[in-house]
Amino acid sequence: MNGQIAQPETTLSRFHTWLAQSLVNNNEFFAYFEPFIRLAMPAWSTVGVRSRVMKVHSETGDVYSLVIRPGRRWKNFSAGQHVQISAELNGTLYTRTFSISTSPDYFRKTGLIELSIRSKPDGRVTPMLKEHFAKGGVCTLSDAGGDFLLPEGNEPLLLIAGGSGITPFRSMMNQLSSNSLRDVHLLFYIRNSSNALFRQELDRIAELHPNLKVTFINTEAEGQVCEEHLLRYCPDVADRIAMVCGPTPMIQGTRNLLSELGLPADQIRFEYFGAAPIEMEMTGEKSFVRFKTSGIATTTTPDEQMSLLDLAEKQGLTPQHGCRIGVCYQCVCTKESGVVFNTRTGQYSDTGKEDIQLCISVAASDLELNI
Amino acid sequence: MTTPMPSAESLKAFEEDLNQIRDEALAKVGKEDADYIRRVVLVQRVLDLGGRAVMVAGFYHWAFWVLGVAMLGIAKIINNMEIGHNIMHGQYDFMNDPHLNSLKYDWDGACSGGSWRRTHNFEHHTYTNVIGKDRDFGYDVLRLSDDVEWKPLYRMQFLRYLNMTLMFQWAVAFHELHGYILRNMRNKREGKAPTDNSELKADFYGKALKVLFRDYLFFPGLVAIFLGWPMFWMIFWGNMAANVIRNIWAATIIYCGHFTGNVHTFAEKECEGESRGQWYYRQILGSSNFEGPRLLHIMSGHLSRQVEHHLFPDMPSYRYNEVAQKVRAACARHGVPYNTGSFGGQYFSVIGRILKYSRKPKAQTQTPAAA
Ligand code: FES
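Every value quoted in this text rests on a predicted model; they were computed, and no experiment measured them.

1. Some details on the interface of chain B and chain A
Contacts between chain B and chain A engage 46 residues on the former and 37 residues on the latter. Between the two partners, chain B and chain A, sit two salt bridges. One salt bridge connects Glu88 of chain A with Arg38 of chain B, and the closest N-O pair in it is separated by 3.3 Å. At the junction of chain B with chain A, the criterion picks out 17 residue pairs in polar contact (both at pLDDT 80 or more). Ranked by residue count, the leading element in the side of chain B that touches chain A is helix H2 (residues 31-56) of chain B, at nine residues. Its residues placed into classes, the side of chain B that touches chain A shows 20 nonpolar, 11 polar and 15 charged.

2. Focus: the environment of Trp279 of chain B
Relative to the elements of secondary structure, Trp279 of chain B occurs in helix H9 (residues 276-285). Under the relative-accessibility criterion, Trp279 of chain B is labelled buried at 3%. Residues Trp279 of chain B and Ala193 of chain B, 86 residues apart in the sequence, show an inter-C-alpha distance of 35 Å. Beyond its immediate sequence surroundings of up to four residues, Trp279 of chain B is in contact with Ile325 and Val327 of chain A together with His125, Thr126, Glu274, His310, Leu311 and Pro313 of chain B.

3. A few points about the packing of helix H2 (residues 29-40) of chain A against H2 of chain B
Where H2 of chain A meets H2 of chain B, the axes come as close as 10 Å, and the angle between the chain directions of the two elements is 110 degrees. Comparing the axis directions of H2 of chain A and H2 of chain B gives the class roughly perpendicular. Every residue of H2 of chain B that contacts H2 of chain A at Ala31, Tyr32, Phe33, Pro35, Phe36, Arg38 and Leu39 of chain A is listed here: Arg38, Val41, Leu42, Arg45, Val46, Asp48 and Leu49 of chain B. Residues belonging to the contact of H2 of chain A with H2 of chain B are distributed by class as follows: 10 nonpolar, no polar and four charged.

4. Considering the sheet that holds strand S15 (residues 340-342) of chain A
Residues and elements named next belong to chain A. Sheet architecture is open: three strands sit in the order S16-S15-S18, paired in antiparallel fashion. Two strands lie at the open edges of the sheet, namely strand S16 (347-348) and strand S18 (361-363), each paired on one side alone. Of the pairings in the sheet, the one linking S15 to S18 comprises three bridges and is antiparallel in character. The residue of S18 that forms the bridge with Val340 is Ala363.

Procedures and definitions
Residues numbered from 1 in each chain as written. Chains lettered and ligands numbered in written order. Predicted model: local features only at pLDDT ≥ 70, side-chain atom pairs only at ≥ 80, totals over all residues. Heavy atoms only, no water. Contact = heavy atoms within 4.5 Å. Salt bridge = Lys/Arg side-chain N within 4 Å of Asp/Glu carboxyl O. Polar contact = N/O pair within 3.5 Å; in protein donor to acceptor, adjacent residues only side chain to side chain. Helix = DSSP H or I, 4+ residues; strand = E, 2+ residues; numbered from the N terminus. Nonpolar A, V, L, I, M, F, W, Y, C, P; charged D, E, K, R; others polar. Buried < 20%, exposed > 50% of the residue type's maximum accessible area, 1.4 Å probe, protein only. Axes fitted to C-alpha atoms, helices over the stretch in contact; angles between N-to-C directions. Parallel < 35°, antiparallel > 145°, perpendicular 65-115°, else oblique. Pairing = 2+ DSSP bridges.

Following this line, the structure appears as structure tokens:
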């Protein structure tokens, strides 16, 4: 799983791989023993750290938090980082990325972390996860990753959150509240002031710590992020390092605003909410397809009905393939995120990371492919 | 002799029936299938490790050696057939399990995974029994229909058949490279430049070295270190016997799937631009099933359901028995011949076919029996 740094190849590691391939037909010996280990520890896996979901609690609205005790091999994390969680639902291992919404300090004291997740009514995985872990259970966690971190030093910060983009900031605010005198101002854009996520907790932090300020902005009454807001609520915006997390359009708009207000690029940090694999909307219009490995991107429309294999080839790429009719499985590639339509089964895929057959898949939303 | 194809219209209804059967089965795929294949993997591992260990006890009594060889032989059969073959078809890709994944899986056999996906998944499954396209039909070694011109060499083809059965894993491993070598010989005759096959060679020797090292050097050597030199040969011959058991079984099952007396062949022209219905039709006529208890189905990797496997190569094998009844009923409704019989009956039918086409055809009067 990604998030792990590839080990440099040495003669010894090459020999080790060769030997494992020879003796157990796999790159690693552990894979061979996995079925035995699972007899003692169900859901044990060679990838990631086996961890325990202690409980699920509902936050406001359709957001819930998974309270997780990471396994002993799990390394620490920094406020603002995200983690991949994998769980088996009806025989299929689903993997999703979420920001950790509690602080490293809290983890040190209790050994627990929380992932706060919006349950999408039409989503496949987020509602299932909530149900699946209602009584707790076992999951697999990757190491924490991501570089949306509190900047070093003591410059004042402006944090701008939209909706459930608050999760990394919740972690940061809690962390700051335990050990810092840094001047931080959080602008939290919410749709409905009565059920803002983590409202009480954030209010309490602000009350106890004069250096930590929180402003809730109701988008229904006051509209989206604009210059007027920024100057009104945070007149010294240009002297701060700004960090933005929320839905894609909000991030793009806010970044433009901030640079118009005179913030240099290195003073603007942002994170598309939910880290890399965003649960994307099915557009029904133009889809943006990004070939990650080759760094090529293109757009396609649904009425073109071009298979992703054709699309990739049109861009001059040469993915491996054979039959072009979905039989041979040579064209399988990893989709990092987005929805594809399978022309053979007539079904839409899941939004997250999974393997797809290029020759019978058509883009149904923005896509990121590992080619 | 090749088979004429019914009109596209008459096949449309047939296609829809089969699609429905497929969709119904795929809708049920989930935990049950995942648990099944995991159980099979566990049993395979127990037999693999157990067989190797018990064989060592041949030291005390030869019966242990026999038992160990049998266990290891069965482990290899399960590894190749129910696990390897089916995993590499992508049947269990829905699980997102990195160790049961079509592209990453490799099996206990001389043929490399990549070569298998090209020759078997692509050539054989796409162009099933199309003379000149599906080299699995006779493997360029046997003459199994009138489409191949008779040569005196074929008189002895029963011996070739026996030889290929004993050495089956090597025949499969060499299959792709063999095709290139034959092509290059043709090219040379026609004065064309040879195609480069150095990569295939590296692939072939790379994998061969791994399996030879394990069965004929590593394990015999390991045991010999502790128990003395004579044990080296005991394990050496034991492993060879297990490999031969697997070879005979695998070859026999596979021949019963495509080389029985009533199996049809097709001309290259017939499958140009064919519809899914035509493709289905060709798959059914080009394959044959056999009946038996559940254990026989599992030990054959469900290739006893060759017809269903060819219709839906990526459906979990666990489902083949249940769809078989429906497919058979659909064939009866549409008047499509469905080839099945007892294991023994199908096997003798294969032998009959091999013997029949080894004889010199009686000039013009020969009636095409393959049709
Ligand atoms: S090219 Fe054969 S499955 Fe896609």
